[in-house]
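Okay, here's what each chain looks like letter by letter:
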Amino acid sequence: MPLPRRRALDTFPVELKGEHYFVLRDTEGLFDDPMILDPFSFLVWNLLTGETGIKDIQREIAGYANGIEVPENRIAHIVERLQKINRADRLLWTQLGRE
């Protein structure tokens, strides 16, 4: 079953306390707070095309990581966190009468 497609967001890398992260920022101004993702979560976000499922993402990541398989629950947790933004976005657009 395909996972939802990622929302178009402004993304840029940052370094915090010596660690590398990626910031996802809403360019439409619907949300004030940006989301900060670790590099692995950012990779998962990039693989959310609307046509891929968790198994597809696992295979893709294994291709990058010499066959190492990431547990389904780790990917599912990241996707769930990202979906909270999408749910809030859809709710707001519905309330504004734009959907």
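As the structure is a computational prediction, the values presented were derived from the model and not from experiment.

Observations regarding the overall build of the chain
For the chain, the helix and strand inventory stands at three helices and three strands. Looking at the chain as a whole, 29% of its 99 residues are labelled buried. Summarising the internal contacts of the chain: among those between residues at least 6 apart in sequence, 48% fall at separations of at least 24. When the accessible surface of the chain is split by element, carbon and sulfur atoms take 52% of a total near 6,800 Å².

Considerations on helix H1 (residues 39–46)
Among all positions in H1, only Phe-40, Ser-41, Phe-42, Val-44 and Trp-45 are buried. Where H1 starts, the residue carrying a side-chain oxygen 3.0 Å from the main-chain nitrogen of Phe-40 turns out to be Asp-38.

A short note on the confidence of the model for the chain
Overall, the predicted model of the chain reaches an average pLDDT of 81, with 82% of residues at or above 70. When pLDDT is averaged over each element of the chain, helix H2 (residues 54–64) comes out on top at 94 and helix H3 (residues 72–95) at the bottom at 70. Overall, residues 90–99 carries pLDDT values under 50, and its contacts beyond four positions in sequence, including any with other chains, amount to seven contacts.

Remarks on the nonpolar core
Counting residues in each nonpolar core, the largest one holds 19 residues, and the members touching the most others are Leu-24, Ile-61, Ile-75 and Leu-82. Residue assignment for this core shows that the elements contributing at least two residues are strand E3 (35–37), H1, H2 and H3. Once you skip the residues sitting within four places of it in the chain, Leu-82 turns out to touch Leu-24, Met-35, Leu-37, Trp-45 and Leu-48.

Side note on the sheet that holds E3
The sheet built from three strands is open, its strands ordered E1-E2-E3 with antiparallel pairing. Only two strands of the sheet have a single partner each, and these edge strands are strand E1 (10–16) and E3. Neighbour-to-neighbour, the strand axes of this sheet turn through a mean angle of 30°, independent of strand direction. Strand direction decides the pairing type here: E1 and strand E2 (residues 19–25), joined by seven bridges, are antiparallel. Across the sheet, the residue bridging to Glu-15 is His-20, located in E2. Contacts from H1 reach E1, E2 and E3 within the one sheet, and its direction differs from that of E2 by about 40°.

Considerations on the side chain of Ser-41
Mapped onto the elements of the fold, Ser-41 is located in helix H1. When its relative accessible area of 3% is taken as the criterion, Ser-41 is described as buried. Within the local environment of Ser-41, its side chain forms a polar contact with the side chain of Asp-38, the two groups lying 2.7 Å apart.

Procedures and definitions
Residues numbered from 1 in each chain as written. Predicted model: local features only at pLDDT ≥ 70, side-chain atom pairs only at ≥ 80, totals over all residues. Heavy atoms only, no water. Helix = DSSP H or I, 4+ residues; strand = E, 2+ residues; numbered from the N terminus. Buried < 20%, exposed > 50% of the residue type's maximum accessible area, 1.4 Å probe, protein only. Contact = heavy atoms within 4.5 Å. Areas by Shrake-Rupley, 256 points an atom, 1.4 Å probe, with all protein chains shown as cover. Polar contact = N/O pair within 3.5 Å; in protein donor to acceptor, adjacent residues only side chain to side chain. pLDDT = per-residue confidence, 0-100. Core = buried A, V, L, I, M, F, W, Y, C linked by side-chain atoms within 4.5 Å. Pairing = 2+ DSSP bridges. Axes fitted to C-alpha atoms, helices over the stretch in contact; angles between N-to-C directions.

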